[in-house]
Amino acid sequence: MEVIITGLVLGGTYALVALGLNIQYGISRIMNLANGELLVAGGLAAFWFWTAGQISPMLTLVIVAPGAFVLNYLIYVIMLRPLVRRAKSQGELEVSSILATFGLAFVGVGIMLALVGGQYFSYSYLSRPIEILGSNYGLNRIIAFLAAAVMCALVYLWLHKSRMGMSIRALAVAPDSAVLVGVNVERLSALAFAIGGAITAVGGALISTFLTLDPSSGVLFTLKALVIVIMGGVGDTRGTIVAALLLGILETFVATVFDPGLTLAAAYLLFVLVLLFRPQGFFGKPTS
Amino acid sequence: MISSGEIRNFLIYGVLLALVATLPFWGQDYWLTIGVTIASFAAMVTSWSIFSGPTHYISLSTAAFFGVGSYTTALGIEYFPELPYWTLLVIAGGLGAVMALLVGLTTLRLSGVYFVIFTLGLAELIRQVVTWLQNWSGQKGLYVLTDLGDREIYWQFLGLCVLVYIVGWLIQRSKVGLALRVIGDDEEVAKHAGIHSARLKVLLFMIPGAVAAVAGAILAPRYIYIEPMLAFTPLLSFQVVIMALLGGTGRLWGGLIGVIPFVLVWEAIAISLPNQTTLLLGVAFLVIVYFIPKGFVGILLDLRRRLMSGGREG
């Protein structure tokens, strides 16, 4: 029971991060390998505000989200749009965007290393126990989970109930036909990329309340988010959330029963199974 | 058939190789060290390009194969001291090839993104498992004690390079090479022409896998002490990708003209600004994607084309 609750709580925050990545990949068609660095940057911001002015990470979100939005918007417009225009095919865009965001990831790590050095940064925020069903959990984890759940719900509602959400989903499903029904692909792609980035950074700020981060831990989060997105299906909100919760539980299980150092191995096990049996994701329909 | 032009080229390469092989006798230890680095990367980068050049699949798992190779040597010397050293290299290559086969079978029938993601985490995955096994067995690291110095290691790498070049050349002039060019051009067309593209990709991926494992096995004695963090350092995978792209994957010699300048610049930066190497790596990636997407090979071929057409006009 304890494993399941801890796993769900961890998975909830993963879901938010992976949702950000999924929006970037599913809609803007950019496989953003700098996603984990963005997450760490969000965590770093929360850490700074907390240590400098004791500003609660929950309040920091109000600054982190628009900051990450603007940053990602600029990254898309300045760096990625030229690649989209240059690419002759989806495959070519994939290769060049993977390499470009990979470069961005390293630049991000390099900048953060220059800012804070190689040390870990962690702070204690609300780290007092709270009792649920007879076991104790960190209050910070629970709060982070609740915040992530609210954000996920908002994103889901926005994608499925608003007019812009509908255009965005149209873009995800049929980018060529979306143009015909009056969707401004270029503008919307940039917006989706920026929103996805903002979501990931918020997830990072939440994760930093209970996990210790350092400038180079981004790539692990990128990997987990990628595995979740593939498991859940590209462009599928519901699948992403289910996959993230599943990964959270499995990771917690492996960490408690075997060794905390094997969490990535656990993620990979899931990944391999999905690749072998359902490469289109949990809820996806098989393609030819 | 081998044409007279090719025989001439072989002679030139032979002379160059003989010249390069004398490096250990120049009495410059610093340059011998650099030579080992360049030769090791030349082998790994060129084999990487043999696979990724035509298929456009970006493999980020060189470190995984390299680490497995290092551990093969270390474990072999520790537990099977009666085996001759060269058999360990063969075993490492075999292990690397089998690993690549498994990875390929899982991911290569799917689109490139799956492959990139899978290979991105492969080194970290194996590192975690090895670390766990070591903790479980109570062992920390392994000593690799041999009487092999930089000189022997350098020659072994030269040999590996020659092997890689021969394999690459044989592929290029075979039917397989033609099939690969078709796949690289348009995979749909390749499928309709009856080319088994998935199978070909899996087989081809075994080449960089085996070469990286052998490279790890050759380099292990130089480390003397091996532990997971060192053997599976993720940086290696990225360096190989960067050098391959910098050189250009369109030609077999592209790897070499990417490796030499990059290693020299890298060594210089690592000495003067050791904390900025990550940033350098990132900037190098961006420069390549935005300014030289076809690498030095692309620039040189463009230049040659322009010179030749210019000559015709004048």
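Residues numbered from 1 in each chain as written. Chains lettered and ligands numbered in written order. Predicted model: local features only at pLDDT ≥ 70, side-chain atom pairs only at ≥ 80, totals over all residues.

1. Looking at the overall build of chain B
Here is step 1: Along chain B, the regular secondary structure elements total 14 helices and 2 strands.
Here is step 2: Here the C-alpha atoms of chain B give a radius of gyration of 20 Å, agreeing with the 20 Å that 2.2 N^0.38 yields for 314 residues.
Here is step 3: Once the C-alpha set of chain B is aligned to its principal axes, its extents read approximately 70 × 50 × 45 Å.
Here is step 4: Long-range contacts, defined as pairs at least 24 residues apart, comprise 80% of the intrachain contacts of chain B with a sequence gap of at least 6. (Helix = DSSP H or I, 4+ residues; strand = E, 2+ residues; numbered from the N terminus. Rg over C-alpha atoms; globule rule 2.2 N^0.38 Å. Contact = placed C-beta atoms within 7 Å.)

2. As for the interface of chain A and chain B
Here is step 1: Taken together, the 31 residues of chain A in the interface contact 28 residues of chain B.
Here is step 2: Only helix H4 (90-116), helix H9 (218-232) and helix H11 (263-277) of chain A provide two or more residues apiece to the side of chain A that touches chain B.
Here is step 3: Per-element tally for the side of chain A that touches chain B: the top contributor is H4 of chain A, with 17 residues.
Here is step 4: The residue inventory of the side of chain A that touches chain B, partitioned by class, reads 24 nonpolar, 5 polar and 2 charged. (Nonpolar A, V, L, I, M, F, W, Y, C, P; charged D, E, K, R; others polar.)

3. As for the environment of threonine 62 of chain B
Residues and elements named next belong to chain B.
Here is step 1: On the secondary structure map, threonine 62 appears in helix H3 (residues 62-79).
Here is step 2: With 31 C-beta atoms packed within 10 Å, threonine 62 lands in the buried category.
Here is step 3: In the structure, threonine 62 is positioned 17 residues away from tyrosine 79 in sequence and 26 Å away in space, judged by C-alpha atoms.
Here is step 4: In this view, threonine 62 contacts Met44, Trp48, Ala212, Leu236, Ser237 and Val240; residues no more than four positions away in its chain are not counted. (Buried ≥ 20, exposed ≤ 12 C-beta atoms within 10 Å, placed from the backbone.)

4. Describing the packing of helix H1 (residues 2-28) of chain A against H9 of chain A
Residues and elements named next belong to chain A.
Here is step 1: Contact geometry of H1 with H9 gives a least axis separation of 9 Å together with a crossing angle of 70°. The orientation of H1 relative to H9 falls into the category roughly perpendicular. Contacts between H1 and H9 involve Tyr14, Val17, Ala18, Leu21, Asn22 and Tyr25 from the first element and Phe221, Lys224, Ala225, Leu226, Ile228 and Val229 from the second.
Here is step 2: Partitioned by chemical class, the residues of the contact of H1 with H9 number 10 nonpolar, 1 polar and 1 charged. (Axes fitted to C-alpha atoms, helices over the stretch in contact; angles between N-to-C directions. Parallel < 35°, antiparallel > 145°, perpendicular 65-115°, else oblique.)

5. Comments concerning unusual backbone geometry
Here is step 1: Look at arginine 29 of chain A: it is not a glycine, yet its phi comes out positive at around 60°.
Here is step 2: Counting through the fold element by element, arginine 29 of chain A comes out in the loop between H1 and helix H2 (35-53).
Here is step 3: The backbone phi angle of histidine 56 of chain B is positive, close to 65°, even though this residue is not glycine.
Here is step 4: Assignment of secondary structure puts histidine 56 of chain B in the loop between helix H2 (29-55) and H3.
Here is step 5: Judged by the 15 C-beta atoms lying within 10 Å of it, histidine 56 of chain B falls in the partly exposed class.

6. Examining the packing of helix H6 (residues 163-173) of chain A against helix H8 (residues 185-207) of chain A
All names here are of chain A.
Here is step 1: Direction vectors running N to C along H6 and H8 enclose 100°, while the axes themselves pass 11 Å from each other. Here H8 runs roughly perpendicular to H6, going by the angle between their axes. Judged by residue contacts, Ser167, Ile168 and Leu171 of H6 engage Val185, Leu188 and Ala192 from H8.
Here is step 2: Its residues assigned to classes, the contact of H6 with H8 comprises 5 nonpolar, 1 polar and no charged.

7. A closer look at helix H13 (residues 277-291) of chain B
Here is step 1: Over its 15 residues, H13 of chain B runs 20 Å from end to end, which matches the ideal 21 Å to within 8%, given 1.5 Å per residue.
Here is step 2: Residues Thr278, Leu281, Gly282, Ala284, Phe285, Ile288 and Val289 of chain B constitute the buried set of H13 of chain B. When H13 of chain B is viewed along its axis, its buried side chains cluster within an angular range of 160° and face the same direction.
Here is step 3: Considering only its buried residues, H13 of chain B is in contact with H4 of chain A together with helix H11 (235-247) of chain B. (Expected span 1.5 Å × (residues − 1). Arc of directions from axis to C-beta.)

By themselves, these figures tell us nothing about what the structure is for.
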